[in-house]
Amino acid sequence: MTDHGGMSANPHDALPIRLNVDDSDSPSDVVDALFLGRFATGEQPYSHAANIERVRSGATLLPEGARVLRVARDEDRSATLAEGDGWTLLVSRWSRGADVTVTATTADLAKQILGQATEGAADEPEPQPENVTMGFWYVSPRRGPHRTTRQISAGTWEEVRPNYTAPVASAMDRLMKTTPEDIAGRLLLLHGPPGTGKTSALRTLARSWRDWCQVDCVLDPERLFSDVGYLMDIAIGEEDGTGKGRWRLLLLEDCDELIRGEARHTAGQALSRLLNLTDGLLGQGRNVLVGVTTNEDLERLHPAVVRPGRCLARIEVGPLTRTEAMDWLGAEGREHESEVGREGATLAELYALRRGTGPTSVPGAREGADAGLYL
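Just so we're clear, the structure is a prediction, and the values are computed from it rather than from any experiment.

Enquirer: Just checking my understanding: could you explain the environment of Glu119 for this structure?
Expert: Summarising the element assignment, Glu119 is placed in the loop between helix H4 (107-118) and strand S6 (131-140). Residues Glu119 and Leu61, spaced 58 residues apart in sequence, show a C-alpha to C-alpha distance of 8.3 Å.

Enquirer: Just to check I follow, could you spell out the pattern of salt bridges for this structure?
Expert: Tallied over the full model, the rule gives eight salt bridges. Of the charged contacts, one joins Asp32 and Arg77 as a salt bridge, the two residues approaching to 2.8 Å between their closest N and O atoms. Remark: Arg77 occurs in the loop between strand S2 (67-73) and strand S3 (78-84) and Asp32 occurs in helix H2 (residues 27-35); sequence separation between them is 45 residues. With a shortest N-O distance of 2.7 Å, Asp173 and Arg161 are connected by a salt bridge. On the criterion of sequence distance, the pair formed by Asp173 in helix H6 (residues 166-176) and Arg161 in the loop between helix H5 (157-160) and H6 is long-range, its members being twelve residues apart. One continuous salt-bridge network, built from bridges that share partners, spans Arg38, Arg67, Glu83 and Asp85.

Enquirer: Before we go on, may I ask you to explain the sheet that holds strand S8 (residues 187-191) in this structure?
Expert: Taken in spatial order, the seven strands line up as S7-S6-S9-S10-S11-S8-S12 in an open sheet, and their pairing is mixed. With partners counted over all chains shown, the strands left at the sheet margins are strand S7 (144-153) and strand S12 (311-316), one partner each. Direction aside, neighbouring strands of the sheet carry axes that sit 20 degrees apart on average. Sheet topology places strand S9 (residues 213-218) next to strand S10 (residues 247-252); five bridges connect them, and they run parallel. Considered in S10, the bridge of Asp216 is made with Leu250. Its contacts with the sheet place helix H7 (residues 198-208) against S6, S7, S8, S9, S10 and strand S11 (288-294), and it is angled at close to 145 degrees to S8.

Enquirer: I tried to follow the environment of Arg286 on my own but got confused; where do I start?
Expert: In this structure, Arg286 sits in the loop between helix H11 (265-279) and S11. For Arg286, a relative accessible area of 27% gives the class partly exposed. Through-space distance from the C-alpha of Arg286 to that of Arg246 is 9.9 Å; in sequence the pair is 40 residues apart. With residues up to four places along the chain from it excluded, the contact list for Arg286 reads Arg186, Ala235 and Ile236.

Enquirer: Even after reading the chapter, I still don't get a nonpolar patch on the surface, so can you show me in this structure?
Expert: Together, Val228, Met232 and Ile236 make up an exposed nonpolar region whose accessible area comes to about 260 Å². Locating Val228 in the fold gives a position in helix H9 (residues 228-236).

Enquirer: Would you take a moment to explain the packing of aromatic side chains for this structure?
Expert: Any two aromatic rings considered together are summarised by their centre-to-centre distance and by the angle between their planes. This structure, assessed with the given rule, holds three aromatic pairs. With a centroid separation of 5.8 Å and an interplanar angle of 35 degrees, the aromatic rings of Trp157 and Tyr164 are classed as tilted. The two residues Trp157 and Tyr164 agree in class, both being buried. Arranged with centres 4.8 Å apart and planes meeting at 40 degrees, the rings of Trp209 and Trp212 form a pair that is tilted.

Enquirer: Would you explain H7 in this entry?
Expert: Side chains that are three or four residues apart share a direction in an α-helix, a result of its 3.6 residues per turn. Here H7 lies mainly inside the structure; ten of its eleven residues are buried. For H7, the set of buried residues is Lys198, Thr199, Ser200, Ala201, Leu202, Arg203, Thr204, Leu205, Ala206 and Arg207.

Enquirer: Just to check I follow, could you spell out the sheet that holds strand S1 (residues 46-52) for this structure?
Expert: Each strand in a sheet pairs with its neighbour through backbone hydrogen bonds, running either in the same direction (parallel) or in the opposite one (antiparallel). Strand order in the open sheet made by the five strands is S1-S5-S4-S3-S2, with antiparallel pairing throughout. Two strands lie at the open edges of the sheet, namely S1 and S2, each paired on one side alone. Direction aside, the axes of adjacent strands within the sheet are offset by 10 degrees on average. As paired strands, S2 and S3 are joined by six bridges and run antiparallel to one another. Across the sheet, Ala72 pairs through a bridge with Ala79, a residue of S3. The strands touched by H4 within the sheet are S1, strand S4 (87-94) and strand S5 (97-104), with S1 carrying the most contacts at an inclination of about 20 degrees.

Rules used in this analysis
Residues numbered from 1 in each chain as written. Predicted model: local features only at pLDDT ≥ 70, side-chain atom pairs only at ≥ 80, totals over all residues. Heavy atoms only, no water. Helix = DSSP H or I, 4+ residues; strand = E, 2+ residues; numbered from the N terminus. Salt bridge = Lys/Arg side-chain N within 4 Å of Asp/Glu carboxyl O. Pairing = 2+ DSSP bridges. Axes fitted to C-alpha atoms, helices over the stretch in contact; angles between N-to-C directions. Contact = heavy atoms within 4.5 Å. Buried < 20%, exposed > 50% of the residue type's maximum accessible area, 1.4 Å probe, protein only. Patch = residues over 30% accessible without salt bridge, like charges linked within 9 Å, V, L, I, M, F, W, Y side chains within 5 Å. Areas by Shrake-Rupley, 256 points an atom, 1.4 Å probe, with all protein chains shown as cover. Phe/Tyr/Trp six-rings, centres within 6.5 Å; stacked < 30°, edge-to-face > 60°.

So this is what it looks like as structure tokens:
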């Protein structure tokens, strides 16, 4: 490559700092550092980048004529450093996804090379009618706050409605039909014993609302409200590409300590940030709903959480009554009649009975692909 302004053409010579490497650094880390050399010196002062969630099989992510300088493969990631006339490219790949970054002598060249590298590289499966796209937020040690998406299988409300006791089903009827015009509070609270179907209800809700609401699950909620930077990234949000002005529903599961009435000081600070996201200054101007699941009894919830006007819905998801449980089992009900107590049974217990594994095997019970998700 031609030398510009007396600067070296080699990335390892252009790096304006001394690179100290120890046994905690991987070859991919070295490739990352070498890539920054020409950008740091100003030889290639323009940069363009793209993220691809699912890379098409066989896509190299390299433009025609690229000269490969370094290739590093770690256990969970690979990094490729390549160059051409006036540009340098870094491809970081993991699982099915990839980040592609280009530096170049001009902004137009950087954009052009990035387009050539990523053209036709994305592989998006055709969504099935029973599937819904759901986002998942987490903090990656390498990349910081990150959102990825998956196609989640979810039944219609008509299909799963028999899984809930009558008062819960009636409350869910109204929730499933909610539109943006119906929204009063910003907090959605599902509470009740484990195994009653709270997670399943949220998956079905994502399907019912998919025309107007983007649903994201936060995989590390305990970190979300202790890390202000992470909270701001999620509050600002990331569009799913289906259109502007859509609402977002952030799902936080098993947040017992966060919303318990006797929450400790640290949990109290987290609760304050949660409420600020729903109806405080942080939530102003953002179409954000927050869905929380907990196993706590209603009486133990913090009064600030359940005050009037704050909750869009507050539903206690309990077990089916004995009569409902026997109806759910159908023809199999007679042989399990003695195993269903007078107080009824949870959905997870019923799936265990149907499989003949008994209530003690509930965590492993499955009916098709869904039974294990009724939590």
